[in-house]
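Here is how the chains run, residue by residue.
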Amino acid sequence: MLGLMQSQPLLISSLIEFAQRHHGDAQVVSRRVEGDIHRYTWREVALRSRQLANALDAMKLPFSERVATLAWNGYRHLELYFGVSGSGRVLHTINPRLHPDQIAWIANHAQDKVLCFDMSFLPLVQAIHARCPGIGKYVALCDADKLPADSGIPNLVSYEAWIGAQPTAYEWPQFDENTASSMCYTSGTTGNPKAALYSHRSTTLHAYAAALPDVMCMSARDSILPVVPMFHVNAWGIPYSAALVGAKLVFPGPALDGKSVYELIEAEGVNYAAGVPTVWQMLLGHMKPNKLRFSTLKRTVIGGSACPPAMIDAFRDDYGVEVLHAWGMTEMSPLGTLCTLKNKHLTMSTEDQMKIRLKQGRAIYGVDMRIVDHDGKELPWDGKTPGDLHVKGPWILREYFKGEGGDPLVDGWFPTGDVATIDADGYMQITDRSKDVIKSGGEWISSIDVENIAVAHPAVAMAACIGMRHPKWDERPIVVVVKKPGAELTREELLKFYEGKTAKWQIPDDVVFVDAIPLGATGKMLKTRLRELLKDYQLPTAG
Ligand code: AMP
């Protein structure tokens, strides 16, 4: 017997419709690329998203075609989130920090048809457009009078001219909730990047879950600053959840330095912020010497990389701000766990609570976790035994876009590439990473790419890239090199060789020459052994 309740597809358009109807006067504030502050309401987000949807219909862009963005966190990007997906097209947020070659590759792989970009990325678009023949329209996210006359980019319009003439009335189409809504590329642990393709259903369910009290605890009383970029896993889903609860949103634009972020928090009464540890490092680094205090900030979600204990202490003891440690990944939309205490922990000492807070947290309803050994046998939840962390649930990837990399699942579970323990209360703690990538300031660096460039140098016989702890960037890559017999090569020569071949921040911080790199039985480089050998090594940039 089937239930007799209404069946309504879970669509992203319903979020913006809801925000307009129930929270139409809640504000959305953005620091623009130009540096000034833009202020409007959820009602206007809805009206302009509909204008955008009409503009996409007017150019007859078919259902499910990709509209790409190269943009900071801001109001026009927000309109793209709703207008593109809501009208049935797929929003493809591209990470502008990647090398132009990678961006061109990603845009072609995704078969992007339209590219919308902030003016700060004009040089980037000028560098790639000739290599992206599939992109038929370029939209600069600016006013008509800011459009450069001689950009050299074909079919370039300003966003305001493009949507400005369109009506604000639009009937959002109704379709299957499993339809693709947006996509985001993640650095492949091997080979090229692969894309997670989210659906309306996965995004809406994630938005519900993210807003829960023990998750991101978002409400109509909050003024939320997502510093986590909208080009990285939909800013952890905050734009969608904010529409769902009617929160005020505050966008930092490109100004992520401590001073700008601090001023925005104070000016806009932000009580809640979210971002990777590096951003908060810059914020605290600005506040301490200037003896500044927060007047409204109460909590901050920190994730994307492990949150250092000193940061949790500093936020709590010096500023009265609660840190919520979060873990997730692009393939998980991204939220998997959040670290909030249970009732029985409230009477514990601050020290004992801290032991829990440092963990990545417990699963959100909708995410199932397990840890397994090398044979796939499930390991106990004793808080001590580490194993490969597997997840499954309705907002977790089943397959990469275009089936890249084959079937990623193991018995229906997605292997995260993280190694973790889980304790009896369900708190997960990451202890290591099995995937061969380095995370620097919240952004991935593929060890394989770093190694491939090194071995392309005629004097290099073998190269291994490993991540080293760094106080600001969390991890930085170094490359360990074995020279060819008789070959001459200096550290400086090899670092110079990297220039232009990868994004600047992906170039290793140091080169360490060794006689041999330890190899395993199958001839694979033993990076765990290499890390042990280099345990006393100090990064030249860490001081
Ligand atoms: P991404 O797909 O770029 O969001 O990266 C996801 C990966 O970042 C995870 O698989 C972890 O390796 C790492 N990560 C995310 N959050 C945390 C955290 N709180 N602590 C440690 N590592 C994290």
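Residues numbered from 1 in each chain as written. Predicted model: local features only at pLDDT ≥ 70, side-chain atom pairs only at ≥ 80, totals over all residues. Heavy atoms only, no water.

(A) Layout of the pairing of strand S22 (residues 443-446). Residue alternation in S22 divides its side chains into two sets, Glu 443 and Ile 445 and Trp 444 and Ser 446, and both sets are buried. Note: strand S21 (residues 437-440) against S22, 4 bridges, orientation antiparallel. If you follow Val 437 over to S22, its bridge partner there is Ser 446. Between S21 and S22, which pair antiparallel and follow one another directly, the connecting turn spans 2 residues, one of which, Gly 441, has a positive phi of 60 degrees. (Buried < 20%, exposed > 50% of the residue type's maximum accessible area, 1.4 Å probe, protein only. Helix = DSSP H or I, 4+ residues; strand = E, 2+ residues; numbered from the N terminus. Pairing = 2+ DSSP bridges.)

(B) Up close: the environment of Arg 76. For Arg 76, the location among the structural elements is in helix H3 (residues 75-86). A residue is classified by how much of its surface remains accessible, and Arg 76, at 6% relative accessible area, is buried. Considered as a pair, Arg 76 and Val 323 are 247 residues apart in the sequence and their alpha carbons are 29 Å apart. Those residues in contact with Arg 76 that sit more than four places away from it in its chain are Arg 32, Arg 48, Leu 141, Cys 142, Asp 143, Tyr 159 and Glu 160. (Contact = heavy atoms within 4.5 Å.)

(C) Summary view of the domain arrangement of the protein. Considered domain by domain, the protein is made up of domain 1 (7-24 + 36-197) and domain 2 (436-533). Distance between the C-alpha centres of domain 1 and domain 2: 36 Å. The partner domain 2 presents 13 residues to the 10 residues of domain 1 that form the contact. Summed over both partners, the interface of domain 1 with domain 2 comes to about 850 Å²; 44% of that surface belongs to carbon and sulfur atoms. At the junction of domain 1 with domain 2, the criterion picks out 1 salt bridge. The partner of Arg 97 in a salt bridge is Glu 443, with the nearest N and O atoms 2.6 Å apart. Taken together, the links from domain 1 to domain 2 amount to 4 residue pairs in polar contact (both at pLDDT 80 or more). Considered class by class, the residues forming the side of domain 1 that touches domain 2 number 1 nonpolar, 8 polar and 1 charged. (Domains from an automatic or database assignment. Buried area = accessible area lost by both parts, 1.4 Å probe. Salt bridge = Lys/Arg side-chain N within 4 Å of Asp/Glu carboxyl O. Polar contact = N/O pair within 3.5 Å; in protein donor to acceptor, adjacent residues only side chain to side chain. Nonpolar A, V, L, I, M, F, W, Y, C, P; charged D, E, K, R; others polar.)

(D) Expanded view of the packing of helix H14 (residues 447-455) against helix H15 (residues 491-498). Relative to each other, H14 and H15 sit at 115 degrees, their axes nearing to 10 Å. Between H14 and H15, the angle is such that the two are roughly perpendicular. The handedness of the crossing between H14 and H15 comes out as right-handed. Across from Val 450, Ile 453 and Ala 454 in H14, the residues of H15 making contact are Leu 494, Phe 497 and Tyr 498. In terms of residue class, the contact of H14 with H15 is made up of 6 nonpolar, no polar and no charged. (Axes fitted to C-alpha atoms, helices over the stretch in contact; angles between N-to-C directions. Parallel < 35°, antiparallel > 145°, perpendicular 65-115°, else oblique. Left-handed = near helix turned anticlockwise from the far one by under 90°.)

(E) Representation of the packing of aromatic side chains in the model. Considering all chains together, one arrives at 11 aromatic pairs under this definition. Relative to Tyr 240, the ring of Phe 82 has its centre 6.0 Å away and its plane inclined at 85 degrees; by these criteria the two rings are edge-to-face. Taken together, the positions of Phe 82 in helix H3 and Tyr 240 in helix H9 (residues 238-245) put the pair 158 residues apart, joining distant regions of the chain. Each of the two residues, Phe 82 as well as Tyr 240, counts as buried. On the numbers, 6.5 Å between centres and 65 degrees between planes, the contact of Tyr 159 with Trp 162 is edge-to-face. Highlighted residues: Tyr 159 and Trp 162, both in helix H6 (residues 159-164), separated by 3 residues, approximately one helical turn. (Phe/Tyr/Trp six-rings, centres within 6.5 Å; stacked < 30°, edge-to-face > 60°.)

(F) Spatial organisation of unusual backbone geometry. In this structure, the amide linkage connecting Ser 333 to the following residue, Pro 334, adopts the cis form with an omega of 10 degrees. One can find Pro 334 in the loop between strand S14 (322-328) and strand S15 (335-338). Despite not being glycine, Ser 333 has its phi angle at roughly 75 degrees, a positive value. The class of Ser 333 is buried, set by a relative accessible area of 6%.

(G) Expanded view of the site of the ligand. Taken together, 16 residues are adjacent to the ligand, and Ala 326, Thr 330, Asp 418, Lys 435 and Trp 444 come closest. At 3.4 Å from a nitrogen atom of the ligand is found a main-chain nitrogen or oxygen belonging to Ser 305. Contact between the ligand and Lys 435: an oxygen atom at 2.6 Å from a side-chain N or O atom of the residue. Isolated, the ligand exposes 500 Å² of accessible area, and the fraction of that covered by the protein chains is 96%. For the shell around the ligand, the leading source of residues is S14, giving 4 residues. Residues belonging to the shell around the ligand are distributed by class as follows: 5 nonpolar, 7 polar and 4 charged. (Near = heavy atom within 4 Å. Areas by Shrake-Rupley, 256 points an atom, 1.4 Å probe, with all protein chains shown as cover.)

(H) Representation of the side chain of Ser 158. Along the chain, Ser 158 falls in strand S7 (residues 156-158). Among the polar contacts listed, one links the side chain of Ser 158 to the backbone nitrogen of Ala 144, at a separation of 3.5 Å. Side-chain polar atoms of Ser 158 contact the backbone nitrogen of Ala 161, separated by 3.0 Å. Once you skip the residues sitting within four places of it in the chain, Ser 158 turns out to touch Val 139, Ala 140, Cys 142, Asp 143, Ala 144 and Leu 147.

(I) Up close: the pattern of salt bridges. This model, assessed by the stated rule, comprises 34 salt bridges. The partner of Glu 268 in a salt bridge is Lys 248, and the shortest N-O contact between them spans 2.9 Å. Of the two residues, Glu 268 is situated in the loop between helix H10 (258-267) and strand S12 (272-275) and Lys 248 in strand S11 (residues 248-251); the sequence distance between them amounts to 20 residues. Exposure class is identical for Glu 268 and Lys 248. Each is buried. For Glu 475, the salt bridge identified is with Arg 433, shortest N-O distance 3.1 Å. Taken as a pair, Glu 475 in strand S24 (residues 474-483) and Arg 433 in strand S20 (residues 427-433) lie far apart in primary sequence, 42 residues in all. One connected set of salt bridges, linked through shared partners, spans Arg 48, Arg 76, Glu 79, Asp 143 and Glu 160.

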